[in-house]
Amino acid sequence: MNVLVYNGPGTALHSTERTLAVLKAMLKGRCDVLAVGAEVLLHEDKAWQASTALLVIPGGRDLPYVESLGNNGTNAIREWVKGGGRYLGICAGGYFGSRRVEFEVGSVLEVVGDRKLALVDVIARGSATPGFVYNSEDGARSVGIRELGDSSGYQFNAYCNGAPYFHVVDPSNVEVLATYHSNEVENCANGKPAIVQSKFGKGHVVLTGPHLEHNQESAPSLNNLADWDKHQRRLLECILLRMGLSLDPPVSFYLNETEKSQPLRLSAMPDVSNNSWINTFIKEHGQTASETGLAPLISSMCLCTTDFLKVDRSQLNLTYSTHKFGTRMLYAISTSSTQTILEKNYKLSTHLPSGLVCLATNQYSGRGRGSNSWVSQDGCLQFSMTMHHREGRSAVFLQYLFGLAVAEGICGIEGYSEIPVRLKWPNDIYCYSKDESGAKALKKIGGILVNSSYMNGVFNVACGLNVANSLPTLSINDLIAQHNQETGKKLAPLSLERVLSRILATFEQMYQTFSQSSTFAFEPFLEQYYSRWLHSDQYVYLKERKLSARICGIDSSGLLKAEGVDDREIYLLQPDGNSFDMMKGLISRKQ
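In short, a report on the structure. (Residues numbered from 1 in each chain as written. Predicted model: local features only at pLDDT ≥ 70, side-chain atom pairs only at ≥ 80, totals over all residues. Heavy atoms only, no water.)

**With respect to the overall build of the chain**
Okay, so step 1: For the chain, the helix and strand inventory stands at 13 helices and 28 strands.
Okay, so step 2: Counting all 591 residues of the chain, 56% fall into the buried class.
Okay, so step 3: Looking at the chain alone, contacts between residues at least 24 apart form 67% of all its contacts between residues at least 6 apart.
Okay, so step 4: Carbon and sulfur atoms form 48% of the exposed surface of the chain, whose accessible area is close to 25700 Å². (Helix = DSSP H or I, 4+ residues; strand = E, 2+ residues; numbered from the N terminus. Buried < 20%, exposed > 50% of the residue type's maximum accessible area, 1.4 Å probe, protein only. Contact = heavy atoms within 4.5 Å. Areas by Shrake-Rupley, 256 points an atom, 1.4 Å probe, with all protein chains shown as cover.)

**Describing the packing of helix α10 (residues 398-411) against helix α12 (residues 496-516)**
Okay, so step 1: Two elements in contact, α10 and α12, have axes separated by 8 Å at closest approach and are oriented at 130 degrees. Relative to α12, α10 is oriented oblique. The way α10 lies across α12 gives a crossing that is right-handed. Each of L398, L401, F402, L404, A405, V406, E408, G409 and I410 in α10 lies in contact with α12, whose residues at this interface are V499, R502, I503, T506, F507, M510, Y511 and F514.
Okay, so step 2: Among the residues making up the contact of α10 with α12, the classes are represented as 13 nonpolar, two polar and two charged. (Axes fitted to C-alpha atoms, helices over the stretch in contact; angles between N-to-C directions. Parallel < 35°, antiparallel > 145°, perpendicular 65-115°, else oblique. Left-handed = near helix turned anticlockwise from the far one by under 90°. Nonpolar A, V, L, I, M, F, W, Y, C, P; charged D, E, K, R; others polar.)

**As for the side chain of R115**
Okay, so step 1: Residue position: R115 is located in the loop between β6 (111-114) and β7 (120-126).
Okay, so step 2: Look at R115 and you get buried, because its relative accessible area is 10%.
Okay, so step 3: Side chain to side chain, R115 and D62 meet in a polar contact 2.5 Å long. (Polar contact = N/O pair within 3.5 Å; in protein donor to acceptor, adjacent residues only side chain to side chain.)

**Considering unusual backbone geometry**
Okay, so step 1: Note the cis peptide between G126 and S127, where omega equals -5 degrees.
Okay, so step 2: With omega at 0 degrees, the peptide bond leading from W425 into P426 counts as cis.
Okay, so step 3: Residues other than glycine seldom take positive phi values, yet D537 does so here, at roughly 60 degrees.
Okay, so step 4: Within the fold, D537 resides in the loop between α13 (526-532) and β23 (539-542).

**Examining the nonpolar core**
Within soluble globular proteins, side chains that are nonpolar generally end up buried alongside one another.
Okay, so step 1: In terms of nonpolar packing, the biggest core is built from 67 residues, with F383, F402, L465 and F522 touching the most fellow members.
Okay, so step 2: In terms of residue count, α10 provides more of this core than any other element does, ten residues in total.
Okay, so step 3: One finds V3, I195, L212 and L245 within the second-largest nonpolar core, a separate group that totals 40 residues. (Core = buried A, V, L, I, M, F, W, Y, C linked by side-chain atoms within 4.5 Å.)

**Topic: the sheet that holds strand β13 (residues 203-208)**
Okay, so step 1: Strands sit in the order β2-β1-β3-β4-β13-β12-β11-β8-β9 across an open sheet of nine strands; the sheet is mixed. Of all the strands in the sheet, just β2 (32-36) and β9 (155-160) have a single pairing partner and so form its edges. On average, adjacent strands in this sheet sit at an angle of 25 degrees to one another, irrespective of strand direction.
Okay, so step 2: Two elements, strand β8 (residues 141-147) and β9, share six bridges in a ladder whose sense is antiparallel. Bridging across to β9, G144 finds its partner in N157.
Okay, so step 3: The sheet strands contacting helix α3 (residues 62-82) are β1 (2-6), β3 (52-57), β4 (86-90), β12 (193-200) and β13, and the helix crosses β3 at an angle near 145 degrees.
Okay, so step 4: Against the sheet, helix α5 (residues 232-242) touches β3, β4, β8, β9, β11 (174-180), β12 and β13, its axis set at about 85 degrees to β9. (Pairing = 2+ DSSP bridges.)

**Looking at the pattern of salt bridges**
Okay, so step 1: Under the defined criterion, the tally for this structure stands at 21 salt bridges.
Okay, so step 2: Across the pair R234 and E147 runs a salt bridge, and its minimum N-O distance is 2.3 Å. Here R234 is found in helix α5, whereas its partner E147 is found in strand β8, with 87 residues between them in sequence.
Okay, so step 3: Because the salt bridges share partners, they merge into one network encompassing R100, E102, D114 and R125. (Salt bridge = Lys/Arg side-chain N within 4 Å of Asp/Glu carboxyl O.)

**With respect to the side chain of Q382**
Okay, so step 1: Here Q382 is to be found in strand β18 (residues 380-388).
Okay, so step 2: Within the local environment of Q382, its side chain forms a polar contact with the backbone oxygen of A360, the two atoms lying 3.5 Å apart.
Okay, so step 3: Of note is the side chain of Q382, whose polar atom sits 3.2 Å from the backbone oxygen of C380.

**Details of the packing of aromatic side chains**
Two numbers describe a pair of aromatic rings. These are the distance of the centres and the angle of the planes.
Okay, so step 1: The final tally for this structure, using the stated rule, is 23 aromatic pairs.
Okay, so step 2: Look at Y6 and Y65: their rings are 5.6 Å apart centre to centre, the planes differ by 90 degrees, and that puts the pair in the edge-to-face class. With Y6 in strand β1 and Y65 in helix α3, the pair connects residues that are 59 residues apart, well separated along the chain. Both residues of the pair, Y6 and Y65, count as buried.
Okay, so step 3: When the ring of F522 is compared with that of F525, the centres are 6.0 Å apart and the planes differ by 35 degrees; the resulting orientation is tilted.
Okay, so step 4: What makes F522 buried here is its relative accessible area of 0%.
Okay, so step 5: We classify F525 as buried; its relative accessible area is 6%. (Phe/Tyr/Trp six-rings, centres within 6.5 Å; stacked < 30°, edge-to-face > 60°.)

**Remarks on helix α1 (residues 13-26)**
Okay, so step 1: For α1, spanning 14 residues, the distance from its first C-alpha to its last is 20 Å, which sits close to the expected 20 Å at 1.5 Å a residue.
Okay, so step 2: Considered for burial, the residues of α1 that qualify are S15, T16, R18, T19, L20, V22, L23 and M26.
Okay, so step 3: Contacts made by the buried residues of α1 are with β1, β2, β3, β4 and α5. (Expected span 1.5 Å × (residues − 1).)

**Some points on the environment of G191**
Okay, so step 1: Tracing the chain through its elements places G191 in the loop between β11 and β12.
Okay, so step 2: For the pair G191 and Y165, spaced 26 residues apart in sequence, the C-alpha separation works out to 9.4 Å.
Okay, so step 3: Excluding anything up to four places from it in sequence, G191 contacts T179, Y180 and H181.

**Quick notes on the pairing of β1**
Okay, so step 1: The element β1 is extensively covered by neighbouring structure, given that five of its five residues are classed as buried.
Okay, so step 2: Judged by which residues are buried, β1 turns out to be covered on both faces: N2, L4 and Y6 on one side and V3 and V5 on the other are all buried.
Okay, so step 3: For β1 and β3, the ladder comprises four bridges, and the chain directions are parallel. In the strand pairing of β3, L4 is matched with L55.
Okay, so step 4: Sheet analysis places β1 next to β2, joined by five bridges and oriented parallel.

What follows is the structure, given as structure tokens:
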């Protein structure tokens, strides 16, 4: 799930950057934190709503928010929060989320009026501190705020600059979380609510006047701000938890992009791979500086998947296969991104044998399709594999084939054939589950990414799959537990090593057939693929064509085929140029 930080007209650059940095650190391994402009919230397909866990409107200026988002953006936010979304408004975002604004009344800076967003039944009045000046730190103050509900009256200093204090109109639906207690605020604001929380429909809303994201380093003009880690961070964590967000990733997820990755261990499976190349490879490439500062290579002859892979290769008759996917491996406990290692270190990757898997327990800059990130948490299987595929015409099918190998690999383990793993075009792994009401629901549990180097026919296939973590989305083992509950079976949870081994062996078996075809390489797998995918005879709306169509398959060049409902024409859609909002039946060009 995503956390969206608004970065449209009116936002203050310093506040937005600090908010993004803080939330990325706090939610690492749980949510992908992204900056978005007004165009995303205004887009008519409202695609952001389905994948967003929290919307943050940061500090800046309230009136430009009103003007840039208008009725359409405001209504989209209200609709989403009412349906169960979460809204955090900081300073200007607090004004914006209130029923009414009364700012600097009687001065040249006066802004007074009702707000259509009106998520919380309060009047936002300000500035709580004197001397406010737009686009300046002249009015910035270190202000004491006191948390309520604490018998000791817990109090600390936080950054304020034009902050609101809140007049509660309906106390029955508004909870005050903190109040102002400081000589730095106006008399009318002292003792008044500084942070409030409210329900809006099924959603959660918190409005804060103080900037809890700022610390001493980000506000050097103020010399008495509280220790951020002990105070502001703790309160911000409490607020996120009150809104229903999980904040329990392991310590490893607080790694940031400035830290060095752990060493990569190069290994190979004995008796299956020729291991003589390892020492030579490390001698030539292990100590040389790489294009992206790759950590040193270390030889290690132990593979965690060895036993599983031996069994799977035997069961799938791969003993004499020439491909040997997964029998050689680069492994690191923590790294930036396995796909980045293979792509950005060209000298290294061009010397790696086909079928080598790059695997990491944790990725702190995992990548998804397009500009998307891949959130890496405990229990998530994330790996990339380099493969030499010389036939360019069939390359588009590699993502389809690998997705099918994931589904068939899991369901091909003895006893697990009924686990409901499905495929969403073009490269996502979904599953059938049940929502809170017990109704059938679809959840994303993984994705496939394929990149290529056309100069030498090297393709890097990346896969991320949630095997064993119930957050931020459903996992394979959750599906197994649900299946056991429904059927009375006692299937054991799957380990990451078990799943990886079966996926690689299944893909290798399929690729043997795929690589030998001289015409339509994916044709032998079409029936199997259609039995797993979610789109047979699905009716969709083609936004660019402005027409309704019925999905009828994949053509011989890898394009999605859709037949127009009215004109019966066949429309072909590129997998890499279109976005498919399956829940809304909408296919549109990627923005």
